[in-house]
Structures are given as structure tokens and as C-alpha cells.
Amino acid sequence: MLCETARNSLQLAATRVGVGTCEAGSSPPSHSMIANFYPPEDRATAIFATGANMGILVGFLTGGWISQLHGWRAAFFIAGLPGLLLAVWVRFSLREPPRGHSEARTSEATDQAAPSVWTAFAFMRNRRSLRHIVIGTTLN
């Protein structure tokens, strides 16, 4: 919605960078919550990534039409309003389950220390499929 307030291309670019930064920061906690809400055998049914593609579809279908009728500023405002309302609803209604909730772990099992960042990087580096996913996503 802040893109609507931009008065020059530099301000518009800055607001779009802000959008990308905020979206990137929301992905890891979302994946963590999916892992805690759904047991391992059902996690593939959690359609988290589909939301972004559906948003792009709706944005392309309606954004140009709204822009044509009301201007590009209104298109940014109207596109951002549902997300703002959803964010308020999620903030006050969604509660994160305890770590390991979907796997019926006991509290003793969840008190383990998290691995270091370097241990996690080594784990990811040693997985060929994950390396290909990271390369493909980066190129995309």
C-alpha cells in the first residue's frame, strides 16, 4: 500500500524493496508453523507457496483493469488492502503451536539445542537435491 504514496521512481523502488524484504522475512516462520501444524505425512497438502502464485494471478487479472479505471496508485492501494486486513486478523487470531506439536513430541524432546548455522549450512551443502533447488530458485 505504501507504493501508492511514491512520488518518484526512487521512492517507488524503495517501497518495492521493502515489500520484498518483508515477504522474505515471513517465509521461514511460515514454514516452521506449517511443520508444527501438520504431521510429516500431511505437510505436502499445506499449500503455502500456492498463495503467492494465486496472488500474482489475481494481481495480473485485476491490476491492469483497476489501473486503467482508477490509476496505478489506486491499483497498489487496492492490492495491498486485503493483505493488511489479513495481517491484522492473523496477528490477533493465529497462535503458534509448540515446537513438535504435530509429531506429538513431549516437552523434553523439544528442549534440544538448535544446531549452529554452520551445521545447518553443512547439512544443506551435502544434499545434492537441495543444492539444485537453491540454484534453480536463485536463477528464477
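Residues numbered from 1 in each chain as written. Predicted model: local features only at pLDDT ≥ 70, side-chain atom pairs only at ≥ 80, totals over all residues. Heavy atoms only, no water.

A.B. asks: Honestly, the side chain of threonine 15 in this entry has me stumped. Any pointers?
C.D. replies: For threonine 15, the location among the structural elements is in helix α1 (residues 9-37). One polar contact links the side chain of threonine 15 to the main-chain carbonyl oxygen of leucine 12, over a distance of 2.8 Å. Setting aside residues no more than four positions away along its own chain, threonine 15 makes contact with Leu2 and Cys3. (Helix = DSSP H or I, 4+ residues; strand = E, 2+ residues; numbered from the N terminus. Polar contact = N/O pair within 3.5 Å; in protein donor to acceptor, adjacent residues only side chain to side chain. Contact = heavy atoms within 4.5 Å.)

A.B. asks: I would appreciate a short explanation of the packing of aromatic side chains in the present structure.
C.D. replies: Note on aromatic pairs: each is described by the distance of the centres and the angle between the planes. For the structure on display, the rule yields 2 aromatic pairs. Plain terms: the ring middles of tryptophan 72 and phenylalanine 76 are 5.9 Å apart, the flat faces sit at 85 degrees to each other, and that makes the pair edge-to-face. Residue tryptophan 72 and its partner phenylalanine 76 are located together in helix α3 (residues 72-93), separated by 4 residues, close to a single helical turn. Under the relative-accessibility criterion, tryptophan 72 is labelled partly exposed at 38%. For phenylalanine 76, a relative accessible area of 26% translates into the label partly exposed. Positioned above the aromatic ring of phenylalanine 92, the side-chain terminus of arginine 91 is 5.4 Å from the ring centre. (Phe/Tyr/Trp six-rings, centres within 6.5 Å; stacked < 30°, edge-to-face > 60°. Buried < 20%, exposed > 50% of the residue type's maximum accessible area, 1.4 Å probe, protein only. Lys NZ or Arg CZ within 6 Å of the ring centre and 35° of its normal.)

All we've got here are geometric facts, nothing functional implied.
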